[in-house]
Amino acid sequence: MGVRITVTVPMLLSDCTKGRSAFELEADTLQGALQLLVAEYPLLKVHLYNEHGEVRKHVLIYYNNDNIAWLDKLDIPLAAGDKLRVLQAVSGG
Amino acid sequence: MGKRVVLLIGTNKGLFQYSADLERKNWELKGPFLSGWEVYSVLGDSRGEGESVNRIFAGTSHAAYGASIRVSDDFGETWRQIEDSPSYSPESGFSLNRIWQLIPGAADEPNTVYAGAEEAGLFVSYDRGEHWRELQGLTQHPTRPNWFPGAGGMCLHTIIIHPTNKKRMWVAMSAVGVFRTDDGGETWQARNVGLSRVPTGQPEDEVGRCVHKMVLDPANPDVLYMQEHGGVFKSIDGGDSWFAIEEGLTLQDGDAPFGFPISVSPSGDLFLLPLESDERRMMKGGKLLVYSMRPGSNSWEPIGDVIPDEVRHVSVLRDAMTVDGLDPYGLYFGTTSGEIFCSLDRGVTWDRLPGQFSRILTVKTWIIEEQ
């Protein structure tokens with residue numbers, strides 16, 4: 001059994017996540033949770049990642065209080081109560 | 001059962017719908033749908049069967065979240081994102097930023113839909129939008145390394161299918177030009193001879209023509225018309241060559257006639273919304289004037305003062321003017337300040353429809369059987 005964590009996504013993307021902007025996932029590692037997120041909700045993939053599999057320029061994915069782009073590795077064991085948040089970087093218009 | 005006329009209005013803040021009976025006088029407004037998404041392209045398609053007989057396709061995009069196609073089979077009440085939307089492979093080196101155009105396939109192919117993308121590319125679905133594939137003959141054209149994006153993005157904004165020979169199609173791309181296929185999209189040839197050249201800084205002479213919008217003559221499929229960045233042009237040989245048709249259009253001495261949309265009615269009336277100049281890009285003096293060239297004429301006339309007592313210092317974008325197929329036909333356009341205008345007398349007098357939106361990106365008509 002993996003560890004249950006909370007995931008939040010912007011309301012705009014909730015049509016990719018069965019209408020929910022907060023839900024739970026079970027995984028062992030952060031990497032596993034990121035893979036499971038788009039496996040379970042494949043419509044999210046195009047909105048979070050570009051053609052090269054990189055997180056889009058104005059999308060932020062936070063693991064607790066850390067932008068995953070800051071992390072040296074993603075193979076981090078998850079702990080109960082961890083949070084994964086998809087955020088839109090500040091953009092105008 | 002009667003028919004209803006639906007106007008689909010794509011804005012940079014969602015999609016709206018007007019509907020009216022065939023008189024087109026009392027418009028009912030619904031929306032916003034797809035709130036928060038840019039809707040650069042939309043298609044109302046009644047060629048389906050069963051529950052999806054009336055399907056709306058919307059090309060949705062967002063500055064942060066990229067682009068995909070969403071469909072509704074209940075006039076916008078609910079939407080479904082297409083998982084296998086148009087996309088480029090990592091190897092292509094291209095990014096899919098927006099969907100600029102959605103058009104139905106040939107009359108005998110009710111499940112076929114085409115999509116024009118930014119970065120410029122052409123996609124096709126043979127199953128009514130569920131799966132898409134790129135027609136790579138276009139993006140693998142030898143001139144592709146010299147395609148240069150205009151400031152609005154390198155968009156494929158116009159797709160035209162020959163009415164009786166579906167193997168022949170034309171596409172037009174901003175800052176690139178016109179390409180034609182005669183084998184159903186497998187191979188393409190640039191068709192830009194005679195067009196003015198905008199400075200793209202690229203060495204390739206075959207491309208670098210900034211087509212803003214192109215239409216096919218309803219009576220003669222060898223005849224095309226376009227509003228180009230540097231003028232207004234006509235072809236009488238299927239795009240093999242082009243010549244200017246600009247008499248009556250000069251708004252500012254020394255400037256080529258500038259604007260974005262061009263429309264043609266079922267009877268061959270052509271319409272433009274000229275802007276003051278390339279540099280200013282607004283209605284001259286705030287006067288919202290529609291120009292028309294009637295069949296048999298060689299010159300443009302300012303036939304419609306849309307809102308005579310007020311000024312509108314606005315523009316109209318390339319996909320924001322359209323004609324319905326009714327008799328008499330309706331002509332519609334939406335402005336960058338979010339107003340929709342309608343004429344039922346060949347563009348001479350105009351009504352402003354109720355409501356005001358954000359920047360209007362696309363206006364399409366859709367004739368449906370009343371439920």
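Refer to the structure above for everything that follows.
No experiment lies behind these values; they were computed from the predicted model shown. (Residues numbered from 1 in each chain as written. Chains lettered and ligands numbered in written order. Predicted model: local features only at pLDDT ≥ 70, side-chain atom pairs only at ≥ 80, totals over all residues. Heavy atoms only, no water.)

Draft legend 1. Just the overall build of chain B, in detail. Counting its regular elements, chain B contains one helix and 28 strands. Considered along the principal axes of its C-alpha atoms, chain B spans approximately 55 × 50 × 40 Å. Put simply, chain B has 371 residues, and 60% of those count as buried. A fraction of 53% describes how many contacts in chain B between residues 6 or more apart in sequence connect residues 24 or more apart. Approximately 14100 Å² of chain B is accessible, and the part contributed by carbon and sulfur atoms is 48%. The centroid of the 34 positive side-chain charges in chain B is displaced by 2 Å from the centroid of its 51 negative side-chain charges. (Helix = DSSP H or I, 4+ residues; strand = E, 2+ residues; numbered from the N terminus. Buried < 20%, exposed > 50% of the residue type's maximum accessible area, 1.4 Å probe, protein only. Contact = heavy atoms within 4.5 Å. Areas by Shrake-Rupley, 256 points an atom, 1.4 Å probe, with all protein chains shown as cover. Lys, Arg positive; Asp, Glu negative; His and termini not counted. Charge placed at Lys NZ, Arg CZ, Asp CG, Glu CD.)

Draft legend 2. Focus on helix α1 (residues 30-40) of chain A. All names here are of chain A. Buried residues of α1: L30, A33, L34, L37 and V38, and no others. Relative to the axis of α1, the buried residues are bounded by an arc of 125° and lie together on one face. In this structure, the buried residues of α1 make contact with β1 (3-8), β2 (22-27), α2 (45-48), β3 (59-63) and β5 (83-88). (Arc of directions from axis to C-beta.)

Draft legend 3. Fine view of the packing of aromatic side chains. Summed over all chains, the structure comprises 16 aromatic pairs over all chains. For the ring pair Y62(A) and W70(A), a centre distance of 5.7 Å and an interplane angle of 75° mean the geometry is edge-to-face. Look at Y62(A) and you get buried, because its relative accessible area is 15%. The class for W70(A) is exposed, based on a relative accessible area of 54%. Note on Y88(B) and F94(B): the rings are 5.3 Å apart at their centroids and 75° apart in plane angle, and the pair reads as edge-to-face. (Phe/Tyr/Trp six-rings, centres within 6.5 Å; stacked < 30°, edge-to-face > 60°.)

Draft legend 4. Fine view of the pairing of strand β26 (residues 340-343) of chain B. Residue and element names in this part refer to chain B. Residues I340 and C342 of β26 are buried on one face, and the alternating residues F341 and S343, pointing to the opposite face, are buried as well. With four bridges connecting them, strand β25 (residues 331-334) and β26 associate as antiparallel partners. Bridging across to β26, G334 finds its partner in I340. With antiparallel pairing between neighbouring strands as the criterion, β25 and β26 make up a hairpin whose turn holds five residues, including G338 at a positive phi of roughly 85°. (Pairing = 2+ DSSP bridges.)

Draft legend 5. Inspection of the interface of chain A and chain B at higher detail. In this assembly, 17 residues from chain A lie in contact with 20 residues from chain B. Interface of chain A and chain B: buried area, both sides summed, is about 1600 Å²; carbon and sulfur atoms make up 53% of it. On the chain A side of the interface with chain B, the three residues burying the most area are L12(A), H47(A) and E51(A), jointly 40% of the side's total. For the pair chain A and chain B, the interface holds one salt bridge. Across the pair D15(A) and R70(B) runs a salt bridge, and its minimum N-O distance is 2.8 Å. Its residues placed into classes, the side of chain A that touches chain B shows nine nonpolar, five polar and three charged. (Buried area = accessible area lost by both parts, 1.4 Å probe. Salt bridge = Lys/Arg side-chain N within 4 Å of Asp/Glu carboxyl O. Nonpolar A, V, L, I, M, F, W, Y, C, P; charged D, E, K, R; others polar.)

Draft legend 6. Main features of the sheet that holds β3(A). All names here are of chain A. Strand order in this open sheet of five strands is β2-β1-β5-β3-β4, and the pairing throughout is mixed. The open sheet has two free edges, formed respectively by β2 and β4 (66-67), since each of these has just one partner strand. As paired elements, β1 and β2 share six bridges and run antiparallel to each other. Bridging across to β2, V3 finds its partner in A27. Contacts between α1 and the sheet are confined to β1, β2, β3 and β5, with β2 contributing the most and set at about 125° to the helix. (Axes fitted to C-alpha atoms, helices over the stretch in contact; angles between N-to-C directions.)

Draft legend 7. Looking closely at the layout of surface pockets. Residue and element names in this part refer to chain B. Of the voids in this model, the largest pocket is the one considered here, and its volume is about 1300 Å³. Elements with a contribution of two residues or more to the lining of the largest pocket: β4 (38-45), β8 (98-104), β12 (156-161), β16 (211-216), β20 (262-264), β24 (321-323) and β28 (360-369). Partitioned by chemical class, the residues of the lining of the largest pocket number 21 nonpolar, twelve polar and eight charged. Of the volumes computed, that of the second largest pocket is approximately 730 Å³. G152, H212, F260, R281 and R318 are, among the 32 residues lining the second largest pocket, the residues nearest its centre. Split by residue class, the lining of the second largest pocket holds 14 nonpolar, eleven polar and seven charged. (1 Å grid on protein atoms, 1.4 Å probe; cavity = no way out; pocket = protein on both sides within 12 Å on 5 of 7 lines; lining within 4 Å. Points joined across faces, edges and corners; volume = space filled by probe spheres on them.)

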